[in-house]
Amino acid sequence: MRNRPSPADLTDHLGYWLRLVSNAVSQSFARRVEAEGVTVAEWVFLRALYDVEPMAPSQLAERMGMTRGAISKLADRLAAKDLVERREAGGDGRRQSLTLRPPGHALVPRLAALADQNDAASFEGLTPEERGELERLLRKLAAAQNLNAAPIT
């Protein structure tokens, strides 16, 4: 038997710890929004549309870093839940815009409050200064890697 150097342990990698925490935060939030009848992807869609509606599906796809097909499927699901509606844009039947229905408008602030609560619970072990430093470092890493699509999975 040859003596081989032992590979690094999983816990020796910063990515391991980042994924561990990220999974816990994400799963907790997913449970919270699913209790309100939407998925995380649907929440991101609703929130992206909230401040800038009406919006063309192609613009929303670009804003969210998703394909137009994925946006269309999300729009269909949200329309079936009476949260979003598609409207003809500019008298051209081929062009559409997406807008929130009144129940969608009412849901976004409730879901945003759940996001705030989830953050508070997930990061309560950090001081405000540590939390600010963590956010600064994560934003720095995201910018360095040109990561700008909304994380929905």
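It should be noted that the structure appears before, not after, this text.
Because the structure is predicted, anything quoted here is derived from the model rather than measured.

Rules used throughout
- Residues numbered from 1 in each chain as written.
- Predicted model: local features only at pLDDT ≥ 70, side-chain atom pairs only at ≥ 80, totals over all residues.
- Heavy atoms only, no water.
- Helix = DSSP H or I, 4+ residues; strand = E, 2+ residues; numbered from the N terminus.
- Rg over C-alpha atoms; globule rule 2.2 N^0.38 Å.
- Buried < 20%, exposed > 50% of the residue type's maximum accessible area, 1.4 Å probe, protein only.
- Contact = heavy atoms within 4.5 Å.
- Areas by Shrake-Rupley, 256 points an atom, 1.4 Å probe, with all protein chains shown as cover.
- Lys, Arg positive; Asp, Glu negative; His and termini not counted.
- Charge placed at Lys NZ, Arg CZ, Asp CG, Glu CD.
- Arc of directions from axis to C-beta.
- Phe/Tyr/Trp six-rings, centres within 6.5 Å; stacked < 30°, edge-to-face > 60°.
- Axes fitted to C-alpha atoms, helices over the stretch in contact; angles between N-to-C directions.
- Left-handed = near helix turned anticlockwise from the far one by under 90°.
- Nonpolar A, V, L, I, M, F, W, Y, C, P; charged D, E, K, R; others polar.
- 1 Å grid on protein atoms, 1.4 Å probe; cavity = no way out; pocket = protein on both sides within 12 Å on 5 of 7 lines; lining within 4 Å.
- Points joined across faces, edges and corners; volume = space filled by probe spheres on them.
- Parallel < 35°, antiparallel > 145°, perpendicular 65-115°, else oblique.
- Patch = residues over 30% accessible without salt bridge, like charges linked within 9 Å, V, L, I, M, F, W, Y side chains within 5 Å.
- Salt bridge = Lys/Arg side-chain N within 4 Å of Asp/Glu carboxyl O.

Before going further, it helps to examine the overall build of the protein chain. On a plain count of helices and strands, the protein chain comes out with 6 helices and 2 strands. Here the C-alpha atoms of the protein chain give a radius of gyration of 20 Å, more than 25% beyond the 15 Å that 2.2 N^0.38 yields for 153 residues. Once the C-alpha set of the protein chain is aligned to its principal axes, its extents read approximately 75 × 35 × 30 Å. Burial analysis of the protein chain (153 residues in total) assigns 25% to the buried set. The contacts of the protein chain with a sequence gap of at least 6 include a subset with a gap of at least 24, amounting to 56%. For the protein chain, the exposed area adds up to about 10,600 Å²; of that, 53% sits on carbon and sulfur atoms. Here the protein chain holds 21 positive side-chain charges and 20 negative ones, and the gap between their average locations is 6 Å.

This paragraph deals with helix 3 (residues 57-64). Taken together, the buried positions of helix 3 are occupied by P57, L60, A61 and M64. Buried residues in helix 3, looked at end-on, bunch into an arc of 105 degrees, giving them a common side. Following helix 3 by one or two positions, G65 has its phi on the positive side, about 70 degrees.

Below, the discussion takes up the packing of aromatic side chains. The final tally for this structure, using the stated rule, is 2 aromatic pairs. On the numbers, 5.0 Å between centres and 90 degrees between planes, the contact of Y16 with W17 is edge-to-face.

As a packed pair, helix 1 (residues 14-34) and helix 5 (residues 102-122) sit with axes 10 Å apart at the nearest point and diverge in direction by 145 degrees. Relative to helix 5, the crossing made by helix 1 is right-handed. Across the interface between the two elements, V25, S28, F29, R32 and V33 from helix 1 touch L111, L114, A115, Q117, N118, A121 and S122 from helix 5. Here the contact of helix 1 with helix 5 is composed, by residue class, of 7 nonpolar, 4 polar and 1 charged.

Turning to the layout of surface pockets, a few remarks are in order. In this structure, the largest pocket spans a volume of roughly 2,200 Å³. Lining the largest pocket are 42 residues, with S22, V25, S26, L138 and P151 positioned closest to its centre. When its residues are assigned to classes, the lining of the largest pocket shows 25 nonpolar, 9 polar and 8 charged.

Packing of helix 2 (residues 40-50) against helix 3 leaves a shortest axis separation of 11 Å and a crossing angle of 115 degrees. With respect to each other, helix 2 and helix 3 are oriented roughly perpendicular. Viewed along their axes, helix 2 and helix 3 form a crossing whose handedness is right-handed. Here A41, V44, F45, A48 and L49 of helix 2 lie close against helix 3, whose contacting residues are L60, R63 and M64. Within the contact of helix 2 with helix 3, the residues separate by chemical class into 7 nonpolar, no polar and 1 charged.

A separate point is the environment of A120. By the secondary structure assignment, A120 is in helix 5. A120 sits in the partly exposed class, given a relative accessible area of 42%.

A cluster of nonpolar side chains, L10, Y16, W17, L20 and V21, forms an exposed patch at the surface whose accessible area comes to about 480 Å². Note on placement: V21 falls in helix 1.

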